[in-house]
Every structure is written in structure tokens, then in C-alpha cells.
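Next come the chains, spelled out residue by residue.
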Amino acid sequence: MALPPSLRTSITPPELELVASEQLVEIVPLVSMERTAFISGAYGPLRPPTKCKVPLWMASNLKLKKKCHIVPPSWLNVDFLQERLLRETTDPSFSEMPFRFAEVAKILLDVAPDDLLNPEKIRMLLKDIREARQAKSREGLSKLDHNELMLPNLCAMEINEIRPFFVRGMSVLTRLAREPAPVDAMDQM
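Notes on the structure in this doc start here. (Residues numbered from 1 in each chain as written. Predicted model: local features only at pLDDT ≥ 70, side-chain atom pairs only at ≥ 80, totals over all residues. Heavy atoms only, no water.)

### Let's talk about the side chain of R84
Turning to step 1, where the next piece is worked out: Tracing the sequence through the fold places R84 in helix α3 (residues 78-90).
Turning to step 2, where the next piece is worked out: Discounting chain neighbours no more than four positions away, the residues touching R84 are S95, E96, M97 and I129. (Helix = DSSP H or I, 4+ residues; strand = E, 2+ residues; numbered from the N terminus. Contact = heavy atoms within 4.5 Å.)

### Observations regarding the packing of aromatic side chains
Turning to step 1, where the next piece is worked out: A full pass over the atoms with the stated rule returns three aromatic pairs.
Turning to step 2, where the next piece is worked out: A ring pair is formed by W75 and F101, whose centres lie 6.5 Å apart and whose planes are at 90°; its orientation type is edge-to-face. A residue pair is termed long-range when its members are at least 10 positions apart, and W75 in the loop between β5 (68-71) and α3 and F101 in helix α4 (residues 101-111) qualify at 26 residues. Side by side, W75 and F101 carry an identical accessibility label, which is buried.
Turning to step 3, where the next piece is worked out: Within the aromatic cluster, the residues linked to one another by ring pairs are F38, Y43 and W57.
Turning to step 4, where the next piece is worked out: A cation over an aromatic ring shows up here: K136 above the ring of F94, its NZ or CZ 5.7 Å from the ring centre. (Phe/Tyr/Trp six-rings, centres within 6.5 Å; stacked < 30°, edge-to-face > 60°. Buried < 20%, exposed > 50% of the residue type's maximum accessible area, 1.4 Å probe, protein only. Lys NZ or Arg CZ within 6 Å of the ring centre and 35° of its normal.)

### Re helix α1 (residues 13-20)
Turning to step 1, where the next piece is worked out: Residues L16, E17 and A20 constitute the buried set of α1. Buried positions in α1, seen along its axis, are confined to an arc of 105° and lie on one side of it. Facing away from the buried side of α1 by more than 90 degrees, the exposed set consists of P14 and L18. (Arc of directions from axis to C-beta.)

### A closer look at the layout of surface pockets
Turning to step 1, where the next piece is worked out: Reported here for the largest pocket is a volume of approximately 350 Å³.
Turning to step 2, where the next piece is worked out: Along the walls of the largest pocket sit 16 residues, with A102, E103, K106, L126 and R130 positioned nearest its centre.
Turning to step 3, where the next piece is worked out: A class-by-class count of the residues in the lining of the largest pocket yields eight nonpolar, no polar and eight charged. (1 Å grid on protein atoms, 1.4 Å probe; cavity = no way out; pocket = protein on both sides within 12 Å on 5 of 7 lines; lining within 4 Å. Points joined across faces, edges and corners; volume = space filled by probe spheres on them. Nonpolar A, V, L, I, M, F, W, Y, C, P; charged D, E, K, R; others polar.)

### Observations concerning the pairing of strand β1 (residues 24-29)
Each regular strand carries side chains that alternate between the two faces of the sheet.
Turning to step 1, where the next piece is worked out: Across the two faces of β1 the burial differs, with V25, I27 and P29 buried and L24, E26 and V28 not buried at all.
Turning to step 2, where the next piece is worked out: Here β1 runs beside β5; their pairing, made up of four bridges, is antiparallel. When the bridges of β5 are listed, P29 appears paired with C68. (Pairing = 2+ DSSP bridges.)

### Let's talk about the sheet that holds β1
Turning to step 1, where the next piece is worked out: Pairing is antiparallel in the open sheet, where three strands are placed in the order β4-β1-β5. A strand with exactly one partner marks an edge of an open sheet, and here the two such strands are β4 (52-55) and β5. The sheet shows a mean angle of 45° between the axes of neighbouring strands, direction not considered. (Axes fitted to C-alpha atoms, helices over the stretch in contact; angles between N-to-C directions.)

### Quick word on the state of the cysteines
Turning to step 1, where the next piece is worked out: Taken as a whole, this structure holds zero disulfides when the rule is applied.
Turning to step 2, where the next piece is worked out: In this structure C68 is not part of a disulfide, and its nearest cysteine sulfur, from C52, lies 9.9 Å away.
Turning to step 3, where the next piece is worked out: With a relative accessible area of 2%, C68 lands in the buried category. (Disulfide = S-S within 2.5 Å.)

Structural measurements only, silent on function.
Right, here's the structure in full:
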């Protein structure tokens, strides 16, 4: 059943996490398992200690059952995130991050903090990056133009956050730009 327009403002963060859970991550299996077919594809075989790529949802499930270790993505480390935070705070444009970095990081920090080096520092850096990027988003939205808005390198979660305001704002700006100025009766004489 379709929702009425008033209830379709944006996707919820858990829904974005669900979409992000289809991304492939590397795991080190702790159990053997034959190749298994799912709707999204076939994965495996799992042979310890050989690394294997599986969707994040499957890695999370195996991790919760203590049947694997998740290999964190190359960008989910303190050095990379500190460098990105420095760029976010010094450069006016958004630094390049994976499109679904916020969702993937949350899932991994919730499910597999023991597989990450210094998870609390990573959590703090991600929070600081998020705040810096939100400040840039607010700054960009304050410069709305009825023709376009350039905010490259936004991630899915950030786009989702600004979508409701952006759509309403662009609608108003477009109407203002396209409506002809009222003609005064005195000007015609």
C-alpha cells in the first residue's frame, strides 16, 4: 500500500542501513560452509582461514553467531578518518567518502567493535566528521539557487537528511523565479 504524500518525506535511517547491508565486505570465516545461494546472489564457499567477500547482512549474522571475524573496510581506521576530519574542517568542499560510509560504519561499530582497532576513537572521529559535514550542508542550503545546488560528495544519509527541506525550498524558489511580476494598472497608462 502506498503512503500518502504527507507521510513520504524521506527514508528512515534504519531503511538506509538495510540498503547498505547489501554492500560486500571481507570476512575471515571460523566455520566451513558450502556455497550458498540467496536472492541477492550466491556466496561462499567459506573455508577458514581464507578471506571471503559476503554482503554486510550476512557478515553481521555470522559475526553475531561467532562464526566469523569481519575485516573492516580500508577507510574505517583512525588514520584515514583523522585525515578526512582535517579536510572537512579546512576545505570548504566535502571530502570524498564512500557513499554509504555512515550506515556501514554504524553497523560495524554495533556488531563487530572487537574487529576494529580503537573503535571508540573511530566512533568519535565519525561523529566529528558528521558534524563538520552537517555544518557544510547548512551553509550550502543557505545559498539555495532556483537553478541548481552543488554539494558533491554527499553521502546517502546526508542527502536523506536535507531532502525534505531542499525539496520544499527549491519548490518555493522555482515558483518565485517563474512567476511574472504583477503588472500595475498605473504602469499601463
